[in-house]
Amino acid sequence: MIRPEFIIEELRKNMPDADFDMVWRAYAFAAKCHKGQKRVSGEAYLNHPLEVANILAKMKLGHISISVGLLHDTLEDTFATEDEIKEKFGDEVFQIVDGVTKISMIETSNKEHQQSENIRKMILAMAKDIRVILVKLADRVHNVRTLHYLKPAKQKKIAQETLDIYAPLANRLGIGWIKTELENNSFKYLWPNEYSEIKHKLAALELERDKYIDQIVEQISERLRLDGVAADVKGRPKHYYSIFSKMRSQNISFEEVYDIMGIRVITPTDQECYAILGILHSMFKPIPGKLKDYIALPKANMYQSLHTTVVGSGGKPVEVQIRSQRMDVLCEEGIASHWRYKEGGDKKSDRHDEQITWIRRLLEWQQEVKDPREFLEKVKIDLFPDEVYIFTPRQEVKSFPRGATPIDFAFSVHSDVGERCIGAKVNGKLVSLKTQLRNGDIVEILTSTQARPSRDWLKHVKTSKARTKISSYLNQAERQRALNLGRELLVGELEKYNLSPGDYMEESKLAAGARSVGYNTGDSMVVALGLGKLKLSAVFARLVPKEAITEPEVTPESIVSPTTVKRNSAQMGVKVSDIDDILIRFAQCCNPLPGDDIVGFISRGRGLIVHTKDCANSTNMGSDSDRCVDVVWDKKTSGKREAMLLVKTEDRPGTLANVSVAIADNGANITEANVLTAKGGNGHIYLTVEISDLSQLQRIMGAVMRLSGVHSVERIRNLRSFSAQMRKSKKKH
């Protein structure tokens, strides 16, 4: 068992002015609380909090964090009370102990739901005090060190959770040595055969590798000494899980992993890093494409270093990392190094704030996303940022996960920019919104006030923020559509029985009806009706007493006025001779647009149906003069109609973006787009476009037709045919 004196000595070395008495009191309290308790290994339970406290001391944290490490299991596993912790150690220590305890207190039968809730609690606790997760990481380090005492199923469960959550968290917080240890220990239990194989192969190469590394280290050290550059040069072994990850991600063998040997050069100041890079490239031949500048463009966890791979003597590649002493401390200790200043009394030090900005973003997401599966996916996306660095037109740098698209970029600028995005320029050229961005791209977003997110975007975004905002927008829009439709259905049903909608659709009556069918509010019930989750008859029966219902009187007018909400001709943008109040519908077989020559036909129970004069169906019905009605477009009424277009193009990047821009430039909005690849390198783009009249549609078709790569633009009049063509094309392609 580790002795508390060792922990105190480590603390004294890092913080001579620390409160050592608090640590001794925490040790005594923990020893009293855990007296008689044993771990699975059979050793005294007290050894675990001592090991956790020792890890925190090695992280160079202060007396508060170390005291929490000693106390972190007292609330959960002993009879210690919250009041005792507060009274003996103060509110600050209690808050951190309480945060660590709450992370693991949720127990549910659903594994995914439990993991999601634990992470939510972790995020909330981290946002209050980052030391909560530092203690939790130290706790996890000791737990994976002792996994061999557990049963295989438990080993795999803890190892998998460690790889999924805790190792990425350590990486995100910049604590390199904890990330490495967690990964290697988890690797051992999840892939034991592969772990053993890599371990033995590295052992077989150890003598030869060490000799080669020593030779390179000596060459670099001597050259830097002659050039008057102070630096510490040392060999750097690549750890087991890192090799395994590279083999798996690149589908290569152990022998093909050329950078299992590495050199690290550490210099006193930041300025000398680039000078050393130049010296190395004059000594050894650099491998093209293997230079990474994380000093100018730090990683999301604030990691900074220069990486280059050179060909050493004997033709063997060697990766060299060049960093300053400041960067090296940050790489190994990460955010823990900042808390050393905080606990040491430097209350003005806010240097850690940049590193935990992502925690605040996670806080926003966890409030918006309720589904555990979706939330877990978003967190994992943010914990595994294989970054690309993108420039704004003003030369500001933004980092994104690899595979991110202009949509991700748009939402990173602002939610409004993302929601109004219609296209993008990358390095000055129009591209498709689903184009994957590459390092160094300069991205400019094109917007339109009438644009709105598409569900298709969810297939092409990588960042959690974009995915959350798009889903939120679409869900809200769907809810609003369902609310409007539900209200329309209710109004129509009430009017069918000559009942006043105002008497039955006030909020109090809707709320009462909602509670009777299991909903909290009137709006939620109406939304369910609009979505088809509730039957109209069931909602109607809850709102209207039976005695208030009289059968509707059958009159000639009731044949013309269907049992849905009435809309007069002015509302629909057409004028009907001699008839002012009638339900107007537009025929799906020809989909008339303002500017088309039109004719109306009275249909039993469906009101007035408007066709184009050249529609085959209107020609067939023209012989029935009693049903014909003169209709014309009302030029005074401004409204939008949807037109369907089929654009046949070459299948090449950027085509959809070009088409979108051409449509937006002509004042129209795309409400739906489906892109399908046809045979022979061609593409079919099915578009639904909101327009004012036929002349606007003709301008749009002309503009699209003039685009490079467009073969034809066709207006599809028959809505059923339009849907059938898309379904057929999807099956075919």
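First, a word on scope: everything that follows refers to the structure included in this document. (Residues numbered from 1 in each chain as written. Predicted model: local features only at pLDDT ≥ 70, side-chain atom pairs only at ≥ 80, totals over all residues. Heavy atoms only, no water.)

Below, the discussion takes up unusual backbone geometry. Working note: non-glycine residues mostly have negative phi, and peptide bonds are mostly trans. You will see that Lys60, though not glycine, has its phi angle at about 65°, which is positive. Inspection of the secondary structure puts Lys60 in the loop between helix H3 (47-58) and helix H4 (63-71). Although it is not a glycine, Asn498 adopts a positive phi angle of roughly 60°. Accessibility expressed as a relative area gives 61% for Asn498, which makes it exposed. (Helix = DSSP H or I, 4+ residues; strand = E, 2+ residues; numbered from the N terminus. Buried < 20%, exposed > 50% of the residue type's maximum accessible area, 1.4 Å probe, protein only.)

Take the side chain of Ser186 next. Position of Ser186 among the secondary structure elements: in helix H11 (residues 176-190). A distance of 2.8 Å separates a polar side-chain atom of Ser186 from the backbone oxygen of Leu182. When sequence neighbours within four positions are dropped, the list of residues in contact with Ser186 reads Ala159, Thr162 and Leu163. (Polar contact = N/O pair within 3.5 Å; in protein donor to acceptor, adjacent residues only side chain to side chain. Contact = heavy atoms within 4.5 Å.)

Turning to the pairing of strand S6 (residues 317-324), a few remarks are in order. For S6, the tally of buried residues reaches seven of eight residues, placing the bulk of the element in the interior. Here strand S2 (residues 261-267) pairs with S6 via six bridges, running parallel. Within the sheet, the bridge partner assigned to Arg264 lies in S6 and is Gln321. As paired elements, strand S5 (residues 306-311) and S6 share six bridges and run antiparallel to each other. Considered in S6, the bridge of Val310 is made with Val318. Once S5 ends, the chain turns through five residues before running back antiparallel as S6, passing Gly314 with a positive phi of about 85°. (Pairing = 2+ DSSP bridges.)

Attention now goes to the nonpolar core. If you look at the biggest cluster of nonpolar residues, it comprises 97 residues, and the most contacted ones within it are Ile220, Ile263, Val265 and Ile322. Here this core gets nine residues from one element, more than from any other, and that element is helix H12 (residues 192-226). Those residues in contact with Val265 that sit more than four places away from it in its chain are Ile220, Leu224, Ala231, Asp232, Val233, Ile276, Val320, Gln321, Ile322 and Arg323. With 23 residues, the next largest nonpolar core counts Ala410, Phe411, Val417 and Trp457 among its residues. (Core = buried A, V, L, I, M, F, W, Y, C linked by side-chain atoms within 4.5 Å.)

To continue, consider H4. With nine of nine residues buried, H4 is to be regarded as a mostly interior element. Every buried residue of H4 is listed here: His63, Ile64, Ser65, Ile66, Ser67, Val68, Gly69, Leu70 and Leu71.

What follows deals with the packing of aromatic side chains. In this description, a pair of aromatic rings is defined by centroid distance and the angle of the planes. Within the structure shown, the criterion is met by 12 aromatic pairs. Where Phe187 meets Phe244, the ring centres are 4.7 Å apart and the plane angle is 25°; that geometry is what we call stacked. Of this pair, Phe187 sits in helix H11 while Phe244 sits in helix H13 (residues 240-250); the two residues are 57 residues apart in sequence, bridging distant segments of the chain. In terms of burial, Phe187 and Phe244 fall into one category: buried. Ring plane angle 15° and centroid distance 5.9 Å describe the contact between Phe586 and Trp633, whose orientation is recorded as stacked. Pair noted here: Phe586 is in strand S13 (residues 584-586) and Trp633 is in strand S17 (residues 631-633), with a separation of 47 residues, a long-range link. Within the aromatic cluster, the residues linked to one another by ring pairs are Phe187, Trp191, Tyr195, Tyr240, Tyr241 and Phe244. (Phe/Tyr/Trp six-rings, centres within 6.5 Å; stacked < 30°, edge-to-face > 60°.)

On to the sheet that holds strand S9 (residues 421-426). Strand pairing in a sheet relies on backbone hydrogen bonds. The paired strands run either parallel or antiparallel. One open sheet accounts for three strands, arranged S10-S9-S11; its pairing is antiparallel. Both edges of this open sheet fall to strand S10 (429-431) and strand S11 (443-447), since each of them pairs with a single strand only. Ignoring strand direction, the axes of neighbouring strands in this sheet form an average angle of 35°. Taken together, the three bridges between S9 and S10 define a ladder with antiparallel strand orientation. Counterpart to Lys425 in the pairing with S10 is Leu430. (Axes fitted to C-alpha atoms, helices over the stretch in contact; angles between N-to-C directions.)

These figures capture arrangement, not role.
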